[in-house]
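Listed here are the chains, written in short residue letters.
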Amino acid sequence: DVKVTQSSRYLVKRTGEKVFLECVQDMDHENMFWYRQDPGLGLRLIYFSYDVKMKEKGDIPEGYSVSREKKERFSLILESASTNQTSMYLCATLGRGSYNEQFFGPGTRLTVL
Amino acid sequence: GENVEQHPSTLSVQEGDSAVIKCTYSDSASNYFPWYKQELGKRPQLIIDIRSNVGEKKDQRIAVTLNKTAKHFSLHITETQPEDSAVYFCAASIQRNTPLVFGKGTRLSVIA
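Residues numbered from 1 in each chain as written. Chains lettered and ligands numbered in written order. Predicted model: local features only at pLDDT ≥ 70, side-chain atom pairs only at ≥ 80, totals over all residues. Heavy atoms only, no water.

Enquirer: Hey, could you run me through unusual backbone geometry in this one?
Expert: Backbone geometry follows two general trends: most residues other than glycine have a negative phi, and most peptide bonds adopt the trans configuration. Residue and element names in this part refer to chain B. Cis peptide bonds are those with omega within 30 degrees of zero, and the linkage from histidine 7 to proline 8 qualifies with -5°. The topology assignment puts proline 8 in the loop between strand 1 (4-7) and strand 2 (10-14). Within the chain, glutamate 79 stands out as a residue other than glycine whose phi angle is a positive 45°. Looking at where glutamate 79 falls in the secondary structure, it is placed in the loop between strand 8 (72-77) and strand 9 (86-92). (Helix = DSSP H or I, 4+ residues; strand = E, 2+ residues; numbered from the N terminus.)

Okay, here's the thing in structure tokens:
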């Protein structure tokens, strides 16, 4: 059974802080993704990675960066958090063997004050 | 790039009735169309998917249909139950290693 975990379920940070959100998967999946979820806007792709040390911008990369130093870990970084980055952040991995099924982590609800 | 539109944004049905959610996509090269269900406070989970070489797929009370010519696909839930209440997302992708593009979601409420 695929296991995708995220470092925190709830996080409260102050404007201007540097924030790290971590995602870890235990299924040796090459592909990992970061989305943010906001009411009425669905799931929007921030960044994704096909392999270690590789990253690609998604639809809304501004204000974010990522790091993938190890295959199982994909980190989302908010260099200087702002209130408009208050959101639910979801990590996902691409399942091997299924065409394009993505397995999601439980999400991190980030509040920036 | 691909754009996926989903309707309606909210849907209320009586228990036992059917529910239909519709999505359209813009890129004719898209060939994989999954549906995810997200219950309150939980992560999205795949419930059914369809590939472009198939027109319809069923799994118990849920079915998905695909019309490639019109570039739309739909989720059908029959004999709805309260546990079907959730947010449903449609998505599309062009090939295996490209990210899914999601619709904005439909909040389905099944009223007992």
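Enquirer: When you look at the layout of surface pockets in this model, what are you seeing that I'm missing?
Expert: If a probe the size of a water molecule is rolled over the atoms, the empty space left behind becomes visible. Counted as a void, the largest pocket has a volume near 680 Å³. Along the walls of the largest pocket sit 30 residues, with A:Gln37, B:Gln38, B:Leu40, B:Val87 and B:Arg107 positioned nearest its centre. Sorting the residues of the lining of the largest pocket by element identifies strand 4 (32-38) and strand 9 (87-94) of chain A together with strand 9 and strand 11 (106-111) of chain B as the ones contributing at least two each. Of the pockets and cavities examined, the second largest pocket occupies roughly 440 Å³. Every residue lining the second largest pocket is counted, 21 residues in all, and those nearest its centre are A:Asp59, B:Glu2, B:Leu100, B:Val101 and B:Phe102. Looking at the lining of the second largest pocket, the elements with two or more residues in it are strand 5 (42-49) of chain A together with strand 10 (101-102) of chain B. (1 Å grid on protein atoms, 1.4 Å probe; cavity = no way out; pocket = protein on both sides within 12 Å on 5 of 7 lines; lining within 4 Å. Points joined across faces, edges and corners; volume = space filled by probe spheres on them.)

Enquirer: Help me understand the interface of chain A and chain B, please; the structure alone is not making it clear to me.
Expert: In many analyses, interface size is given as the accessible surface area lost on bringing the parts together. In this assembly, 26 residues from chain A lie in contact with 21 residues from chain B. Here chain A packs against chain B, burying approximately 1900 Å² in sum over the two surfaces, 53% of which is carbon and sulfur. Summed over the shared surface of chain A and chain B, the number is 4 residue pairs in polar contact (both at pLDDT 80 or more). Of all the secondary structure elements, the ones that give two or more residues to the side of chain A that touches chain B are strand 4, strand 5, strand 9 and strand 10 (102-104) of chain A. (Contact = heavy atoms within 4.5 Å. Buried area = accessible area lost by both parts, 1.4 Å probe. Polar contact = N/O pair within 3.5 Å; in protein donor to acceptor, adjacent residues only side chain to side chain.)

Enquirer: Explain the packing of aromatic side chains to me, please; I cannot follow it from the model alone.
Expert: Between two aromatic rings, the relevant description is the distance of the centres plus the angle of the planes. By the definition in use, this model includes 14 aromatic pairs over all chains. Cluster of aromatic residues (ring-pair linked, three or more members): A:Phe33, A:Tyr35, A:Phe48, A:Tyr50, A:Phe104, B:Tyr36, B:Phe89 and B:Phe102. (Phe/Tyr/Trp six-rings, centres within 6.5 Å; stacked < 30°, edge-to-face > 60°.)

Enquirer: Please clarify how the sheet that holds strand 6 (residues 56-59) of chain B should be interpreted in this entry.
Expert: Where strands meet in a sheet, backbone hydrogen bonds hold them as pairs that are either parallel or antiparallel. Residues and elements named next belong to chain B. Read across the open sheet, the 5 strands follow the order 1-3-8-7-6; overall the sheet is antiparallel. In this open sheet, the two strands that pair with only one neighbour each are strand 1 and strand 6. Along the sheet, successive strands turn relative to each other by an average axial angle of 15°, direction set aside. Where strand 6 meets strand 7 (residues 62-67), 4 bridges bridge the pair, whose relative direction is antiparallel. Each bridged residue has a counterpart across the sheet, and for aspartate 59 the counterpart in strand 7 is isoleucine 62. (Pairing = 2+ DSSP bridges. Axes fitted to C-alpha atoms, helices over the stretch in contact; angles between N-to-C directions.)

Geometry only, nothing functional implied.
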